[in-house]
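Coordinate inspection notes
What follows is each chain in one-letter form.
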Amino acid sequence: DLLAGPTVNFSYGDKCLGDVTVFTDLSTGDGIDGFTWDFGDSNGSTEQNTSHTYADDGDYNVSLTVDNAAGCSNNLTLPLTVDDVPVANFNMGVGCEGQAVGFEDATTVSNANIDTYSWDFGGLGTSSQEDPIFIFETQGNYTVELTVESTYGCTDVVSKNLNVQLAPVAAFSIDLGCLDESTQF
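Some details on the environment of V109
You can see V109 is positioned in the loop between β9 (100-105) and β10 (114-121). For V109, a relative accessible area of 25% translates into the label partly exposed. Considered as a pair, V109 and I174 are 65 residues apart in the sequence and their alpha carbons are 56 Å apart. Ignoring anything within four residues of it in the chain, the contact list for V109 reads D84, V85, P86 and I114.

Printed below as a string of structure tokens:
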């Protein structure tokens, strides 16, 4: 009797630079007793289910070879793109109570776009706009947080403190004088 080699299949999860990519064996067949992973970057594993963190973004060919007790083996190679992670950043205007403060996204990312913006204005409100405006009604220190997500689902978060000051009050008085005489303010 001839024994069929294993039917090799696998899946992988998160593929953002710096994140752990989890590889799950989905192979089928009798007497499977060996696994050899090649992550395409000179690293590998012999565990059935494994994980790996890539040092660089880019395209990789990931291979899994599965052996059975009869000495038969098969392999499968799938492409994997490790995507660059955005670097969240923003600029903001001066904060005065009761007045609009402008926030400008300054996020950078390679080979992708930013699809999602999630702003948190010190727990007082949120926005999903790229460059929102928010009014802080009272003086105080607030933590403004921006979370961004790229086209490929990679995320980053940045927080900055904003010191909201009392709004200036314009005040002056005028001494109404006579025609052809100087007036004091």
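Let's talk about the sheet that holds β9
As summarised here, the arrangement of the three strands in space is β8-β9-β12, forming an open sheet in which the pairing is antiparallel. In this open sheet, the two strands that pair with only one neighbour each are β8 (90-92) and β12 (133-135). Geometrically, the sheet is characterised by an average inter-axis angle of 25 degrees between neighbouring strands, direction not taken into account.

Re the environment of L166
Counting through the fold element by element, L166 comes out in the segment after β14 (155-164). For L166, a relative accessible area of 52% gives the class exposed. The spacing of L166 and K15 is 151 residues in sequence and 46 Å in space, taken between C-alpha atoms. Residues within four places of L166 in sequence aside, it is in contact with E97 and Q139.

Describing the state of the cysteines
Across all of its chains, the model carries one disulfide by this definition. Between the sulfur atoms of C16 and its disulfide mate C154 the distance is 2.1 Å. Given an S-S torsion of about -95 degrees, the disulfide between C16 and C154 has left-handed geometry. With C16 in the loop between β1 (10-12) and β2 (20-25) and C154 in the loop between β13 (140-150) and β14, this residue pair connects regions lying 138 residues apart in the sequence. A residue is classified by how much of its surface remains accessible, and C16, at 3% relative accessible area, is buried.

Side note on the packing of aromatic side chains
For any pair of aromatic rings, the description consists of the separation of the ring centres together with the inter-plane angle of the planes. As enumerated under the stated definition, the model contains 14 aromatic pairs in all. With a centroid separation of 5.7 Å and 55 degrees between ring planes, the pair formed by F103 and W119 is classed as tilted. Placement of the pair is F103 in strand β9 and W119 in strand β10, with a sequence separation of 16 residues. Judged by its relative accessible area of 1%, W119 falls in the buried class. An aromatic cluster is built from F90, F103, W119, F121, F134, F136 and Y142, whose rings are joined through pairwise contacts.

About the criteria used
- Residues numbered from 1 in each chain as written.
- Predicted model: local features only at pLDDT ≥ 70, side-chain atom pairs only at ≥ 80, totals over all residues.
- Heavy atoms only, no water.
- Helix = DSSP H or I, 4+ residues; strand = E, 2+ residues; numbered from the N terminus.
- Buried < 20%, exposed > 50% of the residue type's maximum accessible area, 1.4 Å probe, protein only.
- Contact = heavy atoms within 4.5 Å.
- Pairing = 2+ DSSP bridges.
- Axes fitted to C-alpha atoms, helices over the stretch in contact; angles between N-to-C directions.
- Disulfide = S-S within 2.5 Å.
- Phe/Tyr/Trp six-rings, centres within 6.5 Å; stacked < 30°, edge-to-face > 60°.

Function-wise, these values are silent; they only describe arrangement.
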